[in-house]
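The residues making up each chain are set out below.
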Amino acid sequence: MPLSEHEQRMLEQMERALYAEDPKFATALEGSGLRTYTRRRVYQAVAGFLVGIALLMAGMVAQMIWVSVVGFLVMLGCAVLAVTGWRKAPKPGEQPVPGMAPAGRQSRQRRSVMNRIEQRWQRRRDEQQGS
């Protein structure tokens, strides 16, 4: 569930206050947990991919097609997890801000569309509460 505009402003104010009060602590907190989590997930996916290769080879050697198919599916699933985890991982030095889209033309357009939709929704809600 996305944050309301008021909640986003409050969060931004708290972040600014934290940076002003203790910038060293704030920089230590920014994204390192997410980076560690995604790195660990990618490593697990690579290990699963290797297990899938082992299953595929074992199925071929034992001439059990179903084991090979399971191994292939494990490899495919782990490859998807590794790629999606790698793309989501923030780069070192990048500052992920919760609720903010990355800079770029497409994200700005998407954000403006979302802002308009949220404004319409808020207007309708206000009209319904007022009548």
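Scroll up to find the structure.
Residues numbered from 1 in each chain as written. Predicted model: local features only at pLDDT ≥ 70, side-chain atom pairs only at ≥ 80, totals over all residues. Heavy atoms only, no water.

### Focus on the overall build of the protein chain
Then, number 1: Helices and strands together make up the secondary structure of the protein chain, namely five helices and zero strands.
Then, number 2: Going residue by residue from the N terminus, the α and β elements of the protein chain occur as α-α-α-α-α.
Then, number 3: A sequence separation of at least 24 residues applies to 53% of the contacts in the protein chain between residues at least 6 apart.
Then, number 4: Surface accessibility of the protein chain: about 10800 Å² in total, with carbon and sulfur atoms responsible for 63%. (Helix = DSSP H or I, 4+ residues; strand = E, 2+ residues; numbered from the N terminus. Contact = heavy atoms within 4.5 Å. Areas by Shrake-Rupley, 256 points an atom, 1.4 Å probe, with all protein chains shown as cover.)

### Topic: the layout of surface pockets
Then, number 1: As a volume, the largest pocket reaches approximately 330 Å³.
Then, number 2: As for the largest pocket, its lining consists of eleven residues, of which Leu-3, Ser-4, Glu-5, Glu-118 and Gln-122 are closest to the centre.
Then, number 3: With five residues, helix H5 (residues 105-130) is the largest single contributor of residues to the lining of the largest pocket.
Then, number 4: Taken together, the residues of the lining of the largest pocket sort by class into four nonpolar, three polar and four charged. (1 Å grid on protein atoms, 1.4 Å probe; cavity = no way out; pocket = protein on both sides within 12 Å on 5 of 7 lines; lining within 4 Å. Points joined across faces, edges and corners; volume = space filled by probe spheres on them. Nonpolar A, V, L, I, M, F, W, Y, C, P; charged D, E, K, R; others polar.)

### Topic: a positive patch on the surface
Then, number 1: Taken together, the side chains of Arg-116, Arg-120, Arg-123 and Arg-124 define a basic patch exposed on the protein surface.
Then, number 2: Assignment of secondary structure puts Arg-123 in helix H5.
Then, number 3: Looking at Arg-123, the relative accessible area reads 48%, which means it is partly exposed. (Patch = residues over 30% accessible without salt bridge, like charges linked within 9 Å, V, L, I, M, F, W, Y side chains within 5 Å. Salt bridge = Lys/Arg side-chain N within 4 Å of Asp/Glu carboxyl O. Lys, Arg positive; Asp, Glu negative; His and termini not counted. Charge placed at Lys NZ, Arg CZ, Asp CG, Glu CD. Buried < 20%, exposed > 50% of the residue type's maximum accessible area, 1.4 Å probe, protein only.)

### Observations regarding the environment of Gly-77
Then, number 1: Note on placement: Gly-77 falls in helix H4 (residues 65-88).
Then, number 2: Remark: the alpha-carbon pair of Gly-77 and Ala-45, spanning 32 residues in sequence, is separated by 8.3 Å.

### Let's talk about the side chain of Ser-68
Then, number 1: You can see Ser-68 is positioned in helix H4.
Then, number 2: Judged by its relative accessible area of 6%, Ser-68 falls in the buried class.
Then, number 3: In contact with Ser-68, other than residues within four places in its own chain, are Leu-55, Leu-56, Gly-59 and Met-60.

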